[in-house]
Amino acid sequence: MKIALLGYGKMGKVIEKIALERGHQIVLRKDKESSFEGLNNADVAIDFSIPTSAVENISECLSHGIPVISGTTGWLAQYQKMVDLCSAKNGSFIYGSNFSLGVNVFFELNEYLAKMMTTLNQYKVSISEIHHTQKLDAPSGTAITLAEGIIKHSNYANWTLETPISNEIHIEAKRIENIPGTHSIFYDSEVDQIEIKHTANSREGFAFGAVIAAEWLIGKKGVFTMKDVLGLKE
C-alpha cells in the first residue's frame, strides 16, 4: 500500500515507522511548507497535521479520489463540509479524534457507564485530560468525544472548560511536557467516586490505529469512524 503522510511532525514520523514495518511505502511526506506533489501516487493518505491545514489536506485528497484518514483535531467546525465533499466526490474518509485501539474501547466503556449512571442523579460527572505542551487545541478531541458520549446518554447538554452550570460537563485540560495523553472520567457523589481512565504510554498506539484504519479503508466508499474499523457498531 502506498501512503501519503500529510503532516510530518512527531506523529507523522511514528506513523511512517509503523507503516514501513507493516510493509507499506511512503510516497509523500508533506509539512506545511511543501506541496502535494506525489499525492496522486498514493493509495491512501493519513493526515496528522495542524488545525489550520487539515481542511485543505482532506479536501485535496477527496478532490483527487484519494481515500483519507484524519486524526487532526481542532477543525471540526468544518467537518460537515468535508462530509459533503466526500459524498459529492464519492470518496472515502475517516475522521477520528483518537485512533488508539485502546481509546476506542474506552469510548465504548464510557458510553456504557453513562447509561448505567442515568438514574443516579447524586453523581456529578467531570472529565480530565492531560497532553504534551505541543498540543495546540484544548480540550482534546478525545475529551470532546468522551463528553459527547456522556451527553448522548444523560441529561447533560454541553461541556465547558469554565465553571459548569447544572447541565454542563466540566473538562479540565492540562498541558505537561512529554505526556502523550491521559483521559479520566469521574462520577462524584458525597459518599464516593467512580473513575475510569485511559493512559497512553507512547504515540505508537495512535499511529498503529491510524495505519490499521488506512488499511481497512482501501476499497470502501463513504464516511466512516473507528467504530466501523473495529466492528463496534451497534
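Our subject is the structure that appears above.
First, a word on scope: everything that follows refers to the structure included in this document. Everything numeric in this text was worked out from a predicted model, so none of it was measured.

### A few points about the overall build of the protein
At step 1: Within the protein one finds 7 helices and 11 strands.
At step 2: Relative to the 2.2 N^0.38 estimate, which gives 17 Å for 234 residues, the radius of gyration of the protein is 18 Å and therefore close to what a compact globule would have.
At step 3: For the C-alpha atoms alone, the extent of the protein along its principal axes is close to 60 × 40 × 30 Å.
At step 4: Considering only residue pairs separated by 6 or more positions, the protein has 64% of its internal contacts joining residues 24 or more positions apart.
At step 5: Of the roughly 11400 Å² of accessible surface on the protein, 51% is carried by carbon and sulfur atoms.
At step 6: Mean positive and mean negative side-chain charge positions of the protein (22 and 27 charges, respectively) differ by 5 Å.

### Digging into the pattern of salt bridges
For side chains bearing opposite charge, pairing can occur when the charged atoms are close.
At step 1: In the structure shown here, the tally under the stated rule is 8 salt bridges.
At step 2: Here E111 makes a salt bridge to K227, at a shortest N to O gap of 3.9 Å. Here E111 is found in helix α4 (residues 101–116), whereas its partner K227 is found in helix α7 (residues 226–230), with 116 residues between them in sequence.

### Remarks on the environment of D137
At step 1: One can find D137 in the loop between β6 (124–131) and α5 (141–151).
At step 2: Among the residues examined, D137 registers a relative accessible area of 14% and is labelled buried.
At step 3: Residues D137 and H153 lie 16 residues apart in sequence; the distance between their C-alpha atoms is 26 Å.

### Here we look at the packing of helix α1 (residues 10–21) against helix α6 (residues 204–217)
At step 1: Taken N-terminus to C-terminus, the directions of α1 and α6 make an angle of 60°; their axes are 9 Å apart at the nearest point. Viewed along their axes, α1 and α6 adopt a mutual orientation that is oblique. Helix-helix and strand crossings are classified by hand; for α1 and α6 the assignment is right-handed. For the pair α1 and α6, the contacting residues are M11, V14, I15, K17, I18 and A19 in the first and E204, F206, A207, F208, A210 and V211 in the second.

### Brief notes about the sheet that holds strand β10 (residues 193–200)
At step 1: Spatial ordering of the open sheet is given by β7-β8-β6-β9-β10, a layout of 5 strands whose pairing is mixed. One side of each edge strand has no neighbouring strand; the edge strands of this open sheet are β7 (158–160) and β10. Each strand axis lies, on average, 20° off the axis of its neighbour in the sheet, ignoring direction.
At step 2: Inspection of the sheet shows β7 paired to strand β8 (residues 168–175) by 3 bridges, in the parallel sense. When the sheet's bridge partners are listed, T160 is paired in β8 with H170.
At step 3: Sitting on the sheet, α4 is in contact with β9 (181–188) and β10, with an inclination near 165° to β10.

### Points about the packing of α4 against α5
At step 1: Direction vectors running N to C along α4 and α5 enclose 30°, while the axes themselves pass 8 Å from each other. Of the possible angle classes, the one that applies to α4 and α5 is roughly parallel. When you trace α4 past α5, the crossing you get is right-handed. Between α4 and α5, the residues in contact are V103, F106, F107, N110, E111 and A114 and T142, T145, L146, G149 and I150, respectively.

### Regarding the packing of aromatic side chains
At step 1: Using the criterion set out here, one finds 6 aromatic pairs in the structure.
At step 2: Here the aromatic rings of F48 and F99 are separated by 6.0 Å at their centres, their planes lie at 55°, and the arrangement is tilted. Here F99 lies in the loop between β5 (92–95) and α4 and F48 lies in the loop between β3 (44–47) and α2 (51–63), a separation of 51 residues in the sequence.
At step 3: Considering the side-chain rings of W75 and Y79, the 6.3 Å spacing of their centres and the 50° angle between planes classify their relative orientation as tilted.
At step 4: What makes W75 buried here is its relative accessible area of 4%.
At step 5: With relative accessibility at 25%, the residue Y79 sits in the partly exposed group.
At step 6: Among the aromatic side chains, those forming a connected cluster through ring pairs are W75, Y79, F93 and Y95.
At step 7: One cation-aromatic arrangement involves K13 over Y8; the distance from NZ or CZ to the ring centre is 4.2 Å.

Conventions used here
- Residues numbered from 1 in each chain as written.
- Predicted model: local features only at pLDDT ≥ 70, side-chain atom pairs only at ≥ 80, totals over all residues.
- Heavy atoms only, no water.
- Helix = DSSP H or I, 4+ residues; strand = E, 2+ residues; numbered from the N terminus.
- Rg over C-alpha atoms; globule rule 2.2 N^0.38 Å.
- Contact = heavy atoms within 4.5 Å.
- Areas by Shrake-Rupley, 256 points an atom, 1.4 Å probe, with all protein chains shown as cover.
- Lys, Arg positive; Asp, Glu negative; His and termini not counted.
- Charge placed at Lys NZ, Arg CZ, Asp CG, Glu CD.
- Salt bridge = Lys/Arg side-chain N within 4 Å of Asp/Glu carboxyl O.
- Buried < 20%, exposed > 50% of the residue type's maximum accessible area, 1.4 Å probe, protein only.
- Axes fitted to C-alpha atoms, helices over the stretch in contact; angles between N-to-C directions.
- Parallel < 35°, antiparallel > 145°, perpendicular 65-115°, else oblique.
- Left-handed = near helix turned anticlockwise from the far one by under 90°.
- Pairing = 2+ DSSP bridges.
- Phe/Tyr/Trp six-rings, centres within 6.5 Å; stacked < 30°, edge-to-face > 60°.
- Lys NZ or Arg CZ within 6 Å of the ring centre and 35° of its normal.

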